[in-house]
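Spelled out from the first residue to the last, the chains are:
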Amino acid sequence: MSSNSFSFSFSSSLFLSKFTSSTMHPLTNPFQDSLLFIITSFFFTSFFLLLTLLQWCHHHNHKKLPPGSMGWPYLGETLKLYTQNPNSFFSNRQNRYGDIFKTNILGCPCVMISSPEAARTVLVTQAHLFKPTYPPSKERLIGPEAVFFQQGAYHSMLKRLVQASFMPSTIKHSVSQVEQIVIKMVPSWTNKTINTLQEMKKYAFEVAAISAFGEIKELEMEEIRELYRCLEKGYNSYPLHLPGTSYWKAMKARKHLNKSIRKIIERRKVESPKQGGGLLEVLLQARSTSSSFSSSPSNDGGEKKKVLIELSDSQVADNLIGVIFAAHDTTASALTWVLKYLHDNSNLLEAVTKEQEGIKSKLAMENRGLSWDDTRQMPFTSRVIQETLRSASILSFTFREAVRDVELEGYRIPKGWKVLPLFRSIHHSAHFFPHPEKFDPSRFEVPPRPNTYMPFGNGVHSCPGSELAKLELLVLLHHLTLSYRWEVVGNEDGIQYGPFPVPKHGLPVKITPRTKIFT
Ligand code: HEM
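An unreviewed UniProt entry annotates the protein chain as (+)-abscisic acid 8'-hydroxylase of Phaseolus vulgaris. Word for word, the UniProt comment on the protein chain under Catalytic activity (unreviewed entry) is "2-cis-(+)-abscisate + reduced [NADPH--hemoprotein reductase] + O2 = (+)-8'-hydroxyabscisate + oxidized [NADPH--hemoprotein reductase] + H2O + H(+)". As recorded by UniProt, the Cofactor (unreviewed entry) comment attached to the protein chain reads in full: "heme".

The next thing to look at is a nonpolar patch on the surface. Together, Trp 72, Tyr 74, Leu 75, Leu 79, Tyr 82 and Leu 106 line one region of the surface with nonpolar side chains, adding up to about 780 Å² of accessible area. With respect to the secondary-structure elements, Leu 75 resides in the loop between helix 2 (30-62) and helix 3 (78-83).

Neighbouring residues of the ligand: 25 residues in total, closest His 155, Thr 398, Arg 400, His 461 and Cys 463. The side chain of Arg 400 places a nitrogen or oxygen atom 2.8 Å from an oxygen atom of the ligand. Measuring from an oxygen atom of the ligand, one finds a side-chain N or O atom of His 461 at 2.7 Å. Those elements giving two or more residues to the shell around the ligand turn out to be helix 7 (152-166) and helix 15 (313-344).

As paired strands, strand 1 (residues 100-105) and strand 2 (residues 108-113) are joined by 6 bridges and run antiparallel to one another. Paired with Asn 104 across the two strands is Pro 109, which belongs to strand 2. Hairpin connection from strand 1 to strand 2: 2 residues lie between these consecutive antiparallel strands, with Leu 106 at a positive phi of about 50°. One ladder, built from 4 bridges, connects strand 2 with strand 8 (residues 418-421); its direction is parallel. Each bridged residue has a counterpart across the sheet, and for Ile 113 the counterpart in strand 8 is Pro 421.

Moving on to the sheet that holds strand 12 (residues 508-513). Ordered in space as 4-12-9, the 3 strands form an open sheet in which the pairing is antiparallel. Strands with a single pairing partner mark the edges of an open sheet, and in this sheet they are strand 4 (193-195) and strand 9 (484-488). The average undirected angle you get between the axes of adjacent strands in this sheet is 35°. Strand direction decides the pairing type here: strand 9 and strand 12, joined by 5 bridges, are antiparallel. By the bridge assignment, Trp 486 is partnered in strand 12 with Ile 511. Along the sheet, helix 10 (residues 196-213) makes contact with strand 4 and strand 12, crossing strand 4 at roughly 65°.

Close contact between helix 16 (residues 346-366) and helix 20 (residues 466-483) brings their axes to 9 Å; oriented N to C, the two are set at 100°. The angle between helix 16 and helix 20 places the two elements in the roughly perpendicular class. In contact with Leu 349, Val 352, Thr 353, Gln 356, Glu 357, Ile 359, Lys 360 and Leu 363 of helix 16, helix 20 contributes Leu 477, His 478, Thr 481 and Leu 482. Among the residues forming the contact of helix 16 with helix 20, the class breakdown is 6 nonpolar, 4 polar and 2 charged.

On to the coordination of the iron atom of the ligand, then. In this structure the iron atom of the ligand is ligated by exactly one protein donor, Cys 463 (SG), at 2.3 Å. Residue position: Cys 463 is located in the loop between helix 19 (423-427) and helix 20.

Here we have 5 strands laid out as an open sheet, ordered 1-2-8-5-3, and mixed in their pairing. A strand with exactly one partner marks an edge of an open sheet, and here the two such strands are strand 1 and strand 3 (130-132). Each strand axis lies, on average, 35° off the axis of its neighbour in the sheet, ignoring direction. Helix-sheet contacts for helix 4 (residues 86-97) involve strand 1 and strand 2, and the interaxial angle to strand 1 is about 135°. Strands in contact with helix 5 (residues 116-125) are strand 1, strand 2, strand 3, strand 5 (400-402) and strand 8; relative to strand 8, the strand with the most contacts, it is inclined by about 125°.

Rules and cut-offs
- Residues numbered from 1 in each chain as written.
- Predicted model: local features only at pLDDT ≥ 70, side-chain atom pairs only at ≥ 80, totals over all residues.
- Heavy atoms only, no water.
- UniProt positions renumbered as here; feature names shortened; annotations may be inferred.
- Patch = residues over 30% accessible without salt bridge, like charges linked within 9 Å, V, L, I, M, F, W, Y side chains within 5 Å.
- Areas by Shrake-Rupley, 256 points an atom, 1.4 Å probe, with all protein chains shown as cover.
- Salt bridge = Lys/Arg side-chain N within 4 Å of Asp/Glu carboxyl O.
- Helix = DSSP H or I, 4+ residues; strand = E, 2+ residues; numbered from the N terminus.
- Near = heavy atom within 4 Å.
- Polar contact = N/O pair within 3.5 Å; in protein donor to acceptor, adjacent residues only side chain to side chain.
- Pairing = 2+ DSSP bridges.
- Axes fitted to C-alpha atoms, helices over the stretch in contact; angles between N-to-C directions.
- Contact = heavy atoms within 4.5 Å.
- Parallel < 35°, antiparallel > 145°, perpendicular 65-115°, else oblique.
- Nonpolar A, V, L, I, M, F, W, Y, C, P; charged D, E, K, R; others polar.
- Donors = N, O, S within 2.8 Å, 3.2 Å for Na, K, Ca; no water.

The structure is reproduced here in structure tokens:
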């Protein structure tokens with residue numbers, strides 16, 4: 001665009017200068033002079049038009065679209081993706097086309113990337129050119145002002161607040177609360193067959209809700225739990241907004257959630273700020289900071305001021321629901337996988353138990369419960385968790401959308417195309433993780449190559465809850481491995497997606513008290 005206008009103005013100024021000089025010369029034949037003028041202008045104009053055209057062609061056509069097939073009109077390759085194992089869908093195309101390939105899913109042209117460098121470009125170095133993108137029906141359910149739908153200044157401001165609530169210095173005070181949930185929950189499983197995923201969802205919800213709201217009345221919590229359950233059902237259903245459908249019920253539940261959260265906000269506003277008030281307290285305090293901002297002159301262009309002032313009750317609600325949503329199924333899925341991997345690798349289960357026994361004897365001597373520092377003294381268990389997150393790759397990929405025509409590794413990605421960094425493909429590349437199909441925590445004895453390990457994403461939208469998720473895993477493993485054993489019921493191996501990958505049927509297991517024969 002700029003080179004076009006530059007060439008145009010350059011050629012028109014030449015035209016003007018020629019015209020001026022010819023009219024200034026008193027002795028030349030005016031016809032001869034005009035002819036010469038027309039020929040010269042024609043020549044120069046054509047030359048610069050040609051140059052501009054060449055430049056345009058170079059810019060737009062030289063950069064090819066990535067290789068790959070766009071499949072059938074509209075349907076694209078959707079049926080192939082949904083009828084095959086998604087891993088084979090990605091790996092077949094990666095083998096055929098390389099680390100960057102195009103496809104078409106549900107009418108959306110997409111570019112899939114499985115090179116760590118390209119993923120870094122999209123998520124980190126050129127993140128401003130790739131905005132997060134979600135179906136509007138899902139955005140409406142979670143709340144359109146939630147942090148993960150945002151970009152730019154509003155996103156940075158919210159992200160700082162969310163991160164403040166989930167950084168180690170904040171969550172270290174929640175260890176005993178998390179432990180209490182586990183201590184209450186685990187013994188109720190004794191000698192029963194449980195659906196691991198469902199139980200882990202209950203655990204992950206309780207921790208997420210406490211982190212979001214801090215301490216709230218049990219009645220309020222029960223109401224939120226019930227409404228959230230309905231919302232979740234609708235989220236995973238077809239988004240048909242007609243009376244009676246799951247989506248319609250979920251939208252109704254979402255409105256009720258707003259009302260319930262408003263009541264809690266009103267009460268919190270009149271109470272004095274307290275420690276352990278969760279993300280809600282942090283968001284409310286940011287609002288009081290924002291009013292003092294508004295009365296002071298700003299020299300930062302006013303953007304920061306404007307963004308902070310606009311944090312309304314519904315923005316607070318969207319972000320509380322958003323955080324619970326982001327924390328819930330992801331963590332439950334990771335918890336389910338770690339039980340599966342330890343069940344299948346009894347030598348690793350034994351090694352984790354041994355490490356936890358060391359912690360237990362220390363706690364017994366000091367007559368206290370788990371602390372944050374104890375969770376930092378579990379290197380083997382932590383490696384098991386790292387390997388669980390690699391192997392299960394809970395978020396197989398994420399979505400971005402090019403905000404304008406972008407060049408990526410020599411290819412052109414047109415504006416509006418979706419771009420999907422494939423975390424799972426990178427985590428399962430033999431190049432970065434030898435024998436990727438093997439569950440081998442020892443591979444994390446040395447740090448992975450930069451940008452090859454992204455269970456919590458990378459860059460501006462990376463997960464603020466990673467430390468909380470790992471804490472939940474560590475606390476559960478401490479209590480479970482010390483006192484219990486679990487046996488998978490049924491022999492159906494495999495993965496189901498709902499929406500995150502989990503072992504088939506949510507991993508039904510029989511829980512029994514641990515006998516000393518094992519150790
Ligand atoms: C094992 C559990 C978890 C996994 C695997 C996970 C994974 C991820 C990933 C990969 C992203 C980046 C998505 C993207 O780039 O598009 C993300 C974002 C996010 N996660 Fe998590 N997460 C987990 C647990 C949690 C928890 C416990 C919280 C609670 C605070 C949380 C809150 C969020 C939020 C708010 C975002 C959006 C951040 C932003 O857009 O700036 N996650 N998560």
